[in-house]
Amino acid sequence: MDGEDILSSLGDASDETEFYTPMPAGYRPGQTKYVFVLGTVMSGLGKGIFSSSLAKVFQDKGITVAPIKLEGYFNRDSGTLNPYRHGEVFVLDDGMECDMDLGTYERMLDQDLTSLNFTTSGRIFSTVLEKERAGGYLGRDVQMIPHVTGEVKNRLRELAVASRAQVIFVEIGGTVGDVENAYYIEAIRQLSYEEGPHSCCFVALTYILEPSTLGEQKSKPAQMNLKQLNAMGIHPHIIACRAQRPVTRKVREKLALYSNVPMERVFSMHDCDSIYVVPESLRGAGIDTAVVELLQLEDCVDREAEAAARSVWNGYISRFRQAACPVTVGIIGKYTTLRDSYASVIQALEHAGTALGARVSLEWIDSAELTDANVGERLRCVDAVIVPGGFGTRGVDGKIAAIQHVRMQGVPYLGLCYGFQVAVIEFARNVCGLAEANSTEVDVHTPYPVIDILPGQKSIEGMGATMRLGGQDLLVEPETLLSGLLGEREQYRLRFRHRYEVNPDFVERLEAGGLVFCGRSPHEPAANQPHGQRVMQALELPTEVHPFFLATQAHPELTSRPLSPDPMFVALVRAALARRGQQPAVSAVDSPVTVCAPADECGTGF
Ligand code: GLN
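None of these values were measured; they are calculated from a predicted model. (Residues numbered from 1 in each chain as written. Predicted model: local features only at pLDDT ≥ 70, side-chain atom pairs only at ≥ 80, totals over all residues. Heavy atoms only, no water.)

Undergrad: For this particular structure, what's the right way to read the pairing of strand S22 (residues 549–552)?
TA: Every other side chain in a regular strand lies on the same face of the sheet, so the side chains alternate between the two faces. On S22, burial covers both faces: Phe549 and Ala551 on one face and Leu550 and Thr552 on the other are all buried. With 4 bridges connecting them, strand S13 (residues 413–416) and S22 associate as parallel partners. Within S22, the position partnered with Tyr413 by the bridge is Phe549. Sheet analysis places strand S21 (residues 536–540) next to S22, joined by 3 bridges and oriented antiparallel. Residue Glu540 lies in a different strand from S22, and its bridge partner there is Leu550. (Buried < 20%, exposed > 50% of the residue type's maximum accessible area, 1.4 Å probe, protein only. Helix = DSSP H or I, 4+ residues; strand = E, 2+ residues; numbered from the N terminus. Pairing = 2+ DSSP bridges.)

Undergrad: Please clarify how unusual backbone geometry should be interpreted in this entry.
TA: The amide bond that connects Ile145 to the next residue, Pro146, takes the cis arrangement and shows omega of 15°. Of note, Pro146 is situated in helix H6 (residues 144–163). Of note in the backbone geometry, Leu138 takes a positive phi value of approximately 50° without being a glycine. Here Leu138 is to be found in the loop between helix H5 (121–133) and H6. One non-glycine residue with positive phi stands out, namely Glu479, at about 55°. When its relative accessible area of 81% is taken as the criterion, Glu479 is described as exposed.

Undergrad: Just to check I follow, could you spell out the packing of helix H12 (residues 303–322) against helix H13 (residues 343–356) for this structure?
TA: Packed helices, taken two at a time, are described by the angle their axes make and the gap between the axes. For the pair H12 and H13, the least separation of the axes is 8 Å and the interaxial angle reads 85°. With respect to their mutual orientation, H12 and H13 come out roughly perpendicular. Here H12 contributes Tyr316, Arg319 and Phe320 to the contact with H13, which in turn contributes Glu350, His351 and Thr354. For the contact of H12 with H13, the residue count by class is 2 nonpolar, 2 polar and 2 charged. (Axes fitted to C-alpha atoms, helices over the stretch in contact; angles between N-to-C directions. Parallel < 35°, antiparallel > 145°, perpendicular 65-115°, else oblique. Contact = heavy atoms within 4.5 Å. Nonpolar A, V, L, I, M, F, W, Y, C, P; charged D, E, K, R; others polar.)

Undergrad: Would you explain the sheet that holds strand S5 (residues 118–120) in this entry?
TA: What links the strands of a sheet is backbone hydrogen bonding, and the strands pair in either a parallel or an antiparallel sense. Read across the open sheet, the 7 strands follow the order S5-S2-S6-S1-S7-S8-S9; overall the sheet is parallel. In this open sheet, the two edge strands, each paired with only one partner strand, are S5 and strand S9 (266–270). The sheet shows a mean angle of 20° between the axes of neighbouring strands, direction not considered. Taken together, the 5 bridges between strand S8 (residues 238–243) and S9 define a ladder with parallel strand orientation. Pairing of Arg242 across the sheet is with Met269, part of S9. Its contacts with the sheet put H5 on strand S2 (65–71) and S5, and the angle it makes with S5 is roughly 70°. Along the sheet, H6 contacts strand S1 (33–39), S2, S5 and strand S6 (167–172); its crossing angle with S2, the most-contacted strand, is approximately 155°.

Undergrad: For this particular structure, what's the right way to read a positive patch on the surface?
TA: On the surface, Lys218, Lys220, Lys227, Lys250 and Lys254 cluster together into a positively charged patch. Mapped by element, the contributors of at least two residues to the positive patch are helix H8 (220–231) and helix H9 (249–259). With respect to the helices, strands and loops of the structure, Lys254 is situated in helix H9. (Patch = residues over 30% accessible without salt bridge, like charges linked within 9 Å, V, L, I, M, F, W, Y side chains within 5 Å. Areas by Shrake-Rupley, 256 points an atom, 1.4 Å probe, with all protein chains shown as cover. Salt bridge = Lys/Arg side-chain N within 4 Å of Asp/Glu carboxyl O. Lys, Arg positive; Asp, Glu negative; His and termini not counted. Charge placed at Lys NZ, Arg CZ, Asp CG, Glu CD.)

Undergrad: Could you clarify how one ought to interpret the site of the ligand in this entry?
TA: Around the ligand, the structure places Gly389, Gly390, Phe391, Cys417, Tyr418, Gln421, Glu441, Arg497, His498, Arg499, Tyr500 and His555. For the ligand, an oxygen atom lies 3.1 Å from a polar atom in the side chain of Gln421. At 2.9 Å, a backbone N or O of Arg497 approaches a nitrogen atom of the ligand. Summarising the interface, the protein chains cover 99% of the accessible area of the ligand, which totals 290 Å² for the free molecule. Elements with a contribution of two residues or more to the shell around the ligand: helix H16 (418–430) and strand S18 (493–498). Its residues assigned to classes, the shell around the ligand shows 4 nonpolar, 5 polar and 3 charged. (Near = heavy atom within 4 Å. Polar contact = N/O pair within 3.5 Å; in protein donor to acceptor, adjacent residues only side chain to side chain.)

Undergrad: Hey, could you run me through the sheet that holds S13 in this one?
TA: As summarised here, the arrangement of the 8 strands in space is S11-S10-S12-S13-S22-S21-S20-S17, forming an open sheet in which the pairing is mixed. Each end of this open sheet is capped by a strand with a single partner; those strands are strand S11 (358–366) and strand S17 (475–476). The pairing of strand S10 (residues 325–333) with S11 spans 9 bridges and is classified as parallel. What sits directly across from Cys325, in S11, is Ala358. Here H16 sits on the sheet and contacts strand S12 (384–387), S13, strand S20 (516–520), S21 and S22; the angle it forms with S13, its principal contact strand, is near 115°.

Undergrad: Hey, could you run me through the packing of aromatic side chains in this one?
TA: Two aromatic rings are characterised by how far apart their centres lie and by the angle between their planes. Inspection of the entire model under this criterion finds 13 aromatic pairs. Summarising the aromatic geometry, the rings of Phe125 and Tyr183 are spaced 5.4 Å apart at their centres and angled 80° between planes, so their arrangement reads as edge-to-face. Here the residue Phe125 occupies a position in helix H5, and Tyr183 occupies one in helix H7 (residues 182–195), the gap between them amounting to 58 residues. Both residues of the pair, Phe125 and Tyr183, count as buried. Over the ring of Phe320 we find Arg359, and its NZ or CZ is 5.0 Å from the ring centre. Against the face of Phe496 rests Arg468, its NZ or CZ located 4.7 Å from the ring centre. (Phe/Tyr/Trp six-rings, centres within 6.5 Å; stacked < 30°, edge-to-face > 60°. Lys NZ or Arg CZ within 6 Å of the ring centre and 35° of its normal.)

Undergrad: Any chance you could explain the side chain of Asp383 here in plain terms?
TA: In this structure, Asp383 sits in the loop between helix H14 (375–378) and S12. Of the polar contacts made by the side chain of Asp383, one reaches the backbone nitrogen of Thr328; its length is 2.7 Å. At 3.0 Å, the side chain of Asp383 forms a polar contact with the side chain of Arg580. In contact with Asp383, not counting residues within four places along its chain, are Val327, Thr328, Val411, Pro412, Ala576, Arg579 and Arg580.

Undergrad: Explain the environment of Pro22 here, please?
TA: Note on placement: Pro22 falls in the loop between helix H1 (3–8) and S1. Pro22 gets classed as buried once you look at its relative accessible area, which sits at 9%. Residues Pro22 and His147 lie 125 residues apart in sequence; the distance between their C-alpha atoms is 9.0 Å.

Undergrad: Help me understand the pattern of salt bridges, please; the structure alone is not making it clear to me.
TA: Opposite charge on two side chains lets them pair, provided their charged atoms get close. Summed over the entire model, instances satisfying the criterion amount to 38 salt bridges. Close ionic contact of Glu151 with Lys131 constitutes a salt bridge, the shortest N to O distance being 3.5 Å. With a gap of 20 residues between them, Glu151 in helix H6 and Lys131 in helix H5 connect regions that are remote in the sequence. For Lys131, a relative accessible area of 25% gives the class partly exposed. Residue Glu511 pairs with Arg520 through a salt bridge whose shortest N-O separation is 3.1 Å.

If you want it as structure tokens, here you go:
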């Protein structure tokens with residue numbers, strides 16, 4: 001039976017049949033291919049990196065791809081998750097708050113994603129429950145199988161219709177054996193049957209231990225968990241072994257023996273210096289060819305396009321590896337103990353550094369430990385400072401102290417979202433003489449609420465998806481530092497996630513003190529905005545006053561891509577190089593020409 005025959009036997013919810021396979025209009029079974037990526041043994045293996053890298057290799061071949069991540073948790077989106085536990089909240093252009101892996105997909109594929117590319121159990125179950133109330137199940141008792149699994153299959157097929165992708169890359173969150181994702185695994189098992197032969201490819205990521213006391217790689221946990229996957233009806237076509245060091249042939253043989261996966265499809269995916277080298281290592285291991293064969297996509301491959309895309313990408317990798325000029329950027333934040341909370345900031349700095357031939361090392365500084373007294377010493381060895389996004393009151397005084405220091409000492413500064421708001425507070429207090437200026441997020445009774453809640457936010461109750469979210473254009477003031485950075489670029493669209501903004505009542509006063517609002521929202525204010533002003537979206541200090549002081553209400557780190565680094569980050573790294581007396585590379589060329597100054601007493605930091 002091909003996919004269509006199978007589906008003609010399925011039917012809709014009724015008493016007549018046990019099958020339940022809702023199908024979006026326009027979907028033709030058997031036409032879309034699916035690659036499913038599952039994790040075994042433990043979480044944090046880099047399923048997103050694997051899946052996005054393989055998708056990138058397929059994209060290079062001229063094949064259209066679309067990724068989706070299925071999360072097991074019941075939150076409807078990632079917006080209410082603590083970044084300290086789950087990593088940064090990534091925001092898509094349409095305002096969807098999602099897992100940080102979506103950032104990896106966007107960067108790897110250079111593609112803007114939408115809420116269709118992400119779902120959670122909370123979303124799946126909400127849909128099922130709403131459908132039940134609307135009488136959508138025709139008197140049936142609503143069950144995990146087939147109704148909840150039917151909704152999962154529907155989501156995947158909706159993405160197939162909307163994206164028109166030839167291959168959908170599906171990442172199942174969590175680990176095989178988790179209760180939360182068991183129904184996702186069941187759904188994809190059903191889907192692979194319904195779509196027919198050569199439609200689906202299953203990849204199991206696993207982990208090979210190497211206990212230092214043994215000095216030997218061990219595959220038992222991987223074997224056991226792969227068996228568990230088999231018991232769920234899934235026999236992977238490919239096994240990708242994560243490990244610290246290259247996985248030995250012996251270990252790969254053992255896995256092949258226990259899982260019936262041919263040796264040439266069991267490969268080592270050991271740690272590497274940049275995630276962007278993974279696409280090339282997948283090619284090197286022949287994984288792309290294996291998947292092309294399994295899905296019978298040979299006729300869709302455009303070898304010339306692939307060679308061209310590959311050489312552009314490899315240019316990035318070699319620039320990254322050759323980048324030699326050390327600069328140190330201090331990141332002053334709250335979640336500095338967990339780097340995943342600032343994943344996109346780290347990536348954006350890598351992109352910018354690579355474009356300029358600079359090797360950026362990071363100095364993590366907990367804002368709660370900074371005071372007026374220790375800030376000078378604490379920031380002595382950094383060449384630039386970033387205050388990234390944040391929420392709440394903890395560590396705000398330390399951020400203010402840091403911003404005052406960098407403003408007065410001419411240290412290059414980039415403020416991101418909260419870092420923009422705190423820069424306004426610092427300027428109001430220390431330059432405009434408004435001593436107790438604050439954000440109403442920190443002090444609701446401040447006499448000078450220079451940062452206040454957005455008018456549209458005042459009446460909102462609850463926490464989920466209630467902020468000003470998603471992509472907005474930035475209207476840039478001509479003849480400013482920012483407009484100079486953008487050059488010929490006609491549009492500068494950035495992502496936003498905030499509840500507070502610059503209070504328009506103070507804009508004149510701040511400008512009179514010398515602060516320049518160089519970016520505003522382009523739209524006329526909505527009728528419910530009593531002040532009738534545009535939202536202030538970026539600020540700067542004139543270059544006569546400070547070599548580089550720029551901040552934005554947006555999150556430019558979210559839209560920086562390896563081959564198109566964000567201009568604000570590039571400018572920050574350039575200013576950091578200049579502070580070290582180094583000449584940045586002229587542009588992103590094949591051989592960086594950066595001239596490094598000798599390491600000073602602060603050392604190179606890496
Ligand atoms: N807490 C601030 C606000 O809600 C800044 C948010 C952020 O940094 N993402 O406006």
